[in-house]
Amino acid sequence: MTTTESLPSDIYAIADVHGRADLLEVMLGYIAGASSDHQSKPVVIFLGDLIDRGPYSPKVLDQVYSTLDLYPGSRLILGNHDFYLRELLRGALTHEDAVNWMDWGGVATVSAYSNRPVPDFENIAADIRRVFPHHADLLENALTFKEIGRFCFVHAGIRPGVQLANQSEYDLRWIRAGFLDHMDVFGHVVLHGHTITKSLRPEVYSNRIALDTGAYRTGRLSAAVIRRDELSHFVCTELTATGAIQVGEWRPD
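Remember, predicted model here, so these are calculated numbers, not experimental data.

Draft legend 1. Spatial organisation of unusual backbone geometry. Across the junction of V118 and P119, the peptide omega takes the value 15 degrees, indicating a cis bond. Inspection of the secondary structure puts P119 in the loop between helix 4 (95–113) and helix 5 (121–131). The backbone phi angle of H18 is positive, close to 45 degrees, even though this residue is not glycine. Examined against the element boundaries, H18 turns out to sit in the loop between strand 1 (11–14) and helix 1 (21–38). H18 gets classed as buried once you look at its relative accessible area, which sits at 2%.

Structure, rendered in structure tokens:
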């Protein structure tokens, strides 16, 4: 576990980009500017679901790959949507998973990668591996969770009463019931995405911080900023009525 003394200056946790490379580009620009101002290198933790639904999934993976290279210690947590792409590239995508993936936004992703018709998955995968081999590497090196200080970074959540080391990968990527309605403390404060918040803004609870603000349909991408092992503030990049993207900071009460 990372100790408080060895914590990076700032940790940015970004949830559920879902193909919105435009929003992520502005977010990463904000992070670069803030780190320059503080003369420090941040750690960026992507909480998964980089792909699907939104229009620019391949570009998002390029952005994430470059960010992990730029900021040492940064990592990708594999989301349930990212899992399907990883399985496709492994040649291990089951028929059931393929059907579910296409129903849940995967058509946008495979169409952005390849002109081949769905369900020509074997050749679509070959196209991706040939043109974007680094995307396969990115997904293969993704984590299921990350502990830093008193925080746990995960895609969906954790199963109450189960040690982190014993959590199932399925729960870490998919859980809702049993986690979202759990009011007692966990061993860590859990930062997660996966479930769009009711307020469409980041939400802070006693035991977790919810960051999925539905970027693909709301035009709002959110990040939590952890500084010295405490939640400092949130950053949101947001599409305006004029089509511009604005960035703003928000501090919870």
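Read on for the rest.
Draft legend 2. Region of the structure containing the pairing of strand 2 (residues 43–46). Across the two faces of strand 2 the burial is the same, with V43 and I45 and V44 and F46 all buried. When strand 1 meets strand 2, the two strands line up parallel, connected through four bridges. Directly across from A13, in strand 2, lies its bridge partner I45. Crossover strand 1 to strand 2 through helix 1 is right-handed. When strand 2 meets strand 3 (residues 75–76), the two strands line up parallel, connected through two bridges. Following the sheet pairing, F46 is matched in strand 3 by L76. The parallel pair strand 2 and strand 3, bridged by helix 2 (residues 57–70), forms a crossover whose chirality is right-handed.

Draft legend 3. Seen up close, the pattern of salt bridges. For the coordinates displayed, the defined rule picks out 13 salt bridges. In this structure, the salt-bridge partner of E230 is R150, at a minimum N-O distance of 2.9 Å. Residue E230 is located in strand 10 (residues 230–239), and its partner R150 is located in the loop between strand 4 (145–148) and strand 5 (151–154); the two are separated by 80 residues in the primary sequence. Its relative accessible area of 35% is what places R150 among the partly exposed residues. Overlapping salt bridges, with partners in common, bring together R86, E87, R90 and E140 in one network.

Draft legend 4. Inspection of the nonpolar core at higher detail. I14, L24, F46, L50 and L85 are the most contacted members of the largest nonpolar core, which totals 47 residues. For this core, the element with the highest residue contribution is helix 1, accounting for eight residues. Those residues in contact with L50, other than ones at most four positions away along the chain, are V17, H18, G19, S57, V60, L61, V64, L76, D82 and L138. Residues V43, I45, L47 and I209 belong to the second largest nonpolar core, which totals 17 residues.

Draft legend 5. Spatial organisation of the sheet that holds strand 7 (residues 203–204). Ordered by their spatial adjacency, five strands build an open sheet running 4-5-6-8-7, and the pairing between neighbours is mixed. Of all strands in the sheet, those bounded by a partner on one side alone are strand 4 and strand 7. One ladder, built from three bridges, connects strand 5 with strand 6 (residues 189–192); its direction is parallel. Looking at the pairing, F151 lines up with V189 of strand 6.

What counts and what doesn't
- Residues numbered from 1 in each chain as written.
- Predicted model: local features only at pLDDT ≥ 70, side-chain atom pairs only at ≥ 80, totals over all residues.
- Heavy atoms only, no water.
- Helix = DSSP H or I, 4+ residues; strand = E, 2+ residues; numbered from the N terminus.
- Buried < 20%, exposed > 50% of the residue type's maximum accessible area, 1.4 Å probe, protein only.
- Pairing = 2+ DSSP bridges.
- Right-handed = clockwise from strand over helix to strand, strands pointing away.
- Salt bridge = Lys/Arg side-chain N within 4 Å of Asp/Glu carboxyl O.
- Core = buried A, V, L, I, M, F, W, Y, C linked by side-chain atoms within 4.5 Å.
- Contact = heavy atoms within 4.5 Å.

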